[in-house]
Amino acid sequence: MAQIIDGKLISSQIKSELADDVKILKAQGVHICLCVIQVGNDPASSVYVKNKKKGCELIGIDSESYELPEETTEEELLDLIDRLNNDDRITGILVQLPLPKHINEDAVIEKISPLKDVDGFNPISVGNLCIGKEGFVSCTPAGIIELLKRSNIEIAGKECVVLGRSNIVGKPMSLLMLRENATVTIAHSKTKDLKEVCKRADILIVAIGKSRFITSEYVKEGAVVIDVGINRGADGKLCGDVDYDDVFDKCSFITPVPGGVGPMTIAMLLKNCVIAVD
Ligand code: NDP
């Protein structure tokens, strides 16, 4: 039977540690302000933006937001980012994705100064991660490392399979596990014998966006299973990429959905906001 990794609890511990750090920084006269930009009014994005602002308030840092209309041009958005890059009051910049189709996301991400790139998506941040230099790390993968460490799960020397190779989860996740000295395999939709590959894992991290795809047949006895997926199942309920009930008795640790990886993403964003002023 698995131990449940409680992401809600761990994320609230991190937020409370950050609130203490912020108090000290404020006493030293350091000002922290996250600027969140949303283009259009996608309801899911609006909820994420609201939660990010609430998180800032909780740890005692300032936040500003720009809610721009859907028809905002790429040039207008890039100009705004340019102004914010040069505004000393703003210490972190985040553009809520996805952007409307007429705006090139890569150009926008590249425009954010690497010094204020609290999402860790800028190619310079990704490059720093790749060559082992300090820099901002994408929040969800960074949160998973915290979950493993705070659950006293050893990473060094372990076989880790990361299922999924997206720029925001799979790729940075595998680089982070490598940095922690795991032996890392990255699997994806073209991987052959996926079950056998996944079964090699001491630590299996799944980020594919497919409801309950990973069953016990993919999992080695005693493996640690980290489920990044957030999907709506056929029953309308929120579920992960892992078939939680099927896998539960086979693994040693597992993250639930909701309440596992999800709450860590905002906690790590807030951590990046604090790191930005270090
Ligand atoms: P993407 O769609 O960008 O990437 C999915 C990856 O999974 C791709 O690399 C794809 O392979 C691979 N894949 C898809 N189907 C299969 C399959 N049947 N077998 C093997 N590999 C497969 O997704 P994201 O990385 O952005 O997100 C993944 C999941 O994590 C989603 O459910 C998302 O909602 C969730 N998520 C959760 C976050 C959180 O805070 N908890 C944050 C970010 C995402 P290929 O490259 O070959 O196409």
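Residues numbered from 1 in each chain as written. Predicted model: local features only at pLDDT ≥ 70, side-chain atom pairs only at ≥ 80, totals over all residues. Heavy atoms only, no water.

Trainee: Explain the packing of aromatic side chains to me, please; I cannot follow it from the model alone.
Mentor: Pairs of aromatic rings are described using the distance from one ring centre to the other and the angle between the two planes. Applying the stated rule across the entire model yields 2 aromatic pairs. Centre to centre, the rings of Phe213 and Tyr218 are 5.7 Å apart; their planes meet at 50°, and the pair counts as tilted. Look at Tyr218 and you get buried, because its relative accessible area is 11%. Ring geometry for Tyr244 and Phe248: centres 5.4 Å apart, planes at 45°, overall tilted. Residue Tyr244 is classed as partly exposed on the basis of its relative accessible area, which comes to 25%. (Phe/Tyr/Trp six-rings, centres within 6.5 Å; stacked < 30°, edge-to-face > 60°. Buried < 20%, exposed > 50% of the residue type's maximum accessible area, 1.4 Å probe, protein only.)

Trainee: Explain the environment of Asp249 to me, please; I cannot follow it from the model alone.
Mentor: Its place among the elements puts Asp249 in the loop between helix H9 (244-247) and strand S11 (253-254). The class of Asp249 is exposed, set by a relative accessible area of 54%. Each C-alpha atom of the pair Asp249 and Met1 lies 4.2 Å from the other, and the pair is 248 residues apart in sequence. The contact partners of Asp249, leaving out residues within four places of it in the chain, are Met1 and Glu221. (Helix = DSSP H or I, 4+ residues; strand = E, 2+ residues; numbered from the N terminus. Contact = heavy atoms within 4.5 Å.)

Trainee: Looking at this structure, I do not really get the site of the ligand. What am I missing?
Mentor: The environment of the ligand is made up of 22 residues, and the closest members are Arg165, Ser166, Ser189, Lys210 and Thr265. In this structure, Arg165 approaches the ligand through a side-chain N or O atom, which is 2.7 Å from an oxygen atom. The contact in question runs from an oxygen atom of the ligand to an N or O atom on the backbone of Ile230, over 3.1 Å. In isolation the ligand offers 930 Å² of accessible surface; the protein chains occlude 71% of this area. Its residues assigned to classes, the shell around the ligand comprises 10 nonpolar, 10 polar and 2 charged. (Near = heavy atom within 4 Å. Polar contact = N/O pair within 3.5 Å; in protein donor to acceptor, adjacent residues only side chain to side chain. Areas by Shrake-Rupley, 256 points an atom, 1.4 Å probe, with all protein chains shown as cover. Nonpolar A, V, L, I, M, F, W, Y, C, P; charged D, E, K, R; others polar.)

Trainee: Would you explain unusual backbone geometry in this entry?
Mentor: Peptide bonds are, in most cases, trans, and in most cases residues other than glycine have a negative phi. Following Leu97, the chain continues into Pro98 via a peptide bond in cis, with omega recorded as 0°. Note that Pro98 resides in the loop between strand S4 (92-95) and helix H4 (105-111). In this model, Val257 is joined to Pro258 through a cis peptide bond whose omega is 0°. Assignment of secondary structure puts Pro258 in the loop between S11 and helix H10 (262-275). Located in the positive-phi region is Asn181, a residue other than glycine, with phi close to 70°.

Trainee: Would you take a moment to explain the environment of Val118 for this structure?
Mentor: Note on placement: Val118 falls in the loop between H4 and helix H5 (123-130). With 154 residues separating them along the chain, Val118 and Asn272 place their C-alpha atoms 5.3 Å apart. What Val118 contacts, discounting residues up to four positions off in sequence, is Leu34, Gly92, Ile93, Leu94, Phe136, Cys139, Leu269, Asn272, Cys273 and Ala276.

Trainee: I keep staring at the environment of His31 and nothing clicks. Help me out?
Mentor: With respect to the element layout, His31 can be found in the loop between helix H1 (7-27) and strand S2 (33-39). Setting aside its immediate chain neighbours within four residues, His31 contacts Asp62, Arg89, Thr91 and Val277.

Trainee: Quick question: what am I supposed to make of the domain arrangement of the chain here?
Mentor: For interface size, the figure often reported is the accessible area lost on association. The domain architecture assigned to the chain consists of domain 1 (31-116) and domain 2 (139-263). Put simply, the middle of domain 1 and the middle of domain 2, counted by C-alpha atoms, are 29 Å apart. (Domains from an automatic or database assignment.)

Trainee: What is the right way to read the sheet that holds S4 from this model?
Mentor: Pairing between sheet strands relies on hydrogen bonds along the backbone, with the strands arranged either parallel or antiparallel. The strand order across the open sheet built from 3 strands is S3-S2-S4, with neighbouring strands paired in parallel fashion. Every other strand in the sheet has two partners, leaving strand S3 (62-68) and S4 as the edge strands with one partner each. With strand direction ignored, the average angle separating the axes of adjacent strands in the sheet is 15°. The sheet contact formed by S2 and S3 spans 7 bridges and is parallel. Its bridge partner lying in S3, Val36 is registered against Ser65. Seen against the sheet, helix H3 (residues 74-85) touches S2, S3 and S4 and runs at an angle of roughly 180° to S2. (Pairing = 2+ DSSP bridges. Axes fitted to C-alpha atoms, helices over the stretch in contact; angles between N-to-C directions.)

Trainee: Help me understand the side chain of Thr72 in this model?
Mentor: By secondary structure assignment, the location of Thr72 is in the loop between S3 and H3. A distance of 2.5 Å separates the side chain of Thr72 from the backbone oxygen of Pro69, its partner in a polar contact. Residue contacts for Thr72: discarding those within four places in its chain leaves Val39, Leu77, His102 and Ile103.

Trainee: Just to check I follow, could you spell out the pairing of strand S5 (residues 159-163) for this structure?
Mentor: Note on strand geometry: in a regular strand, side chains alternate between the two faces of the sheet. Counting buried residues along S5, 4 of its 5 residues qualify, which places the element largely inside the surrounding structure. In this sheet, strand S6 (residues 183-187) lies alongside S5 in parallel orientation, the contact comprising 5 bridges. The partner of Leu163 across the bridge, within S6, is Ala187. Handedness of the S5-helix H7 (residues 170-179)-S6 crossover: right-handed. Relative to strand S7 (residues 203-206), S5 runs parallel, the two sharing 4 bridges. Residue pairing for S7: Cys160 is matched across the bridge by Ile203. (Right-handed = clockwise from strand over helix to strand, strands pointing away.)

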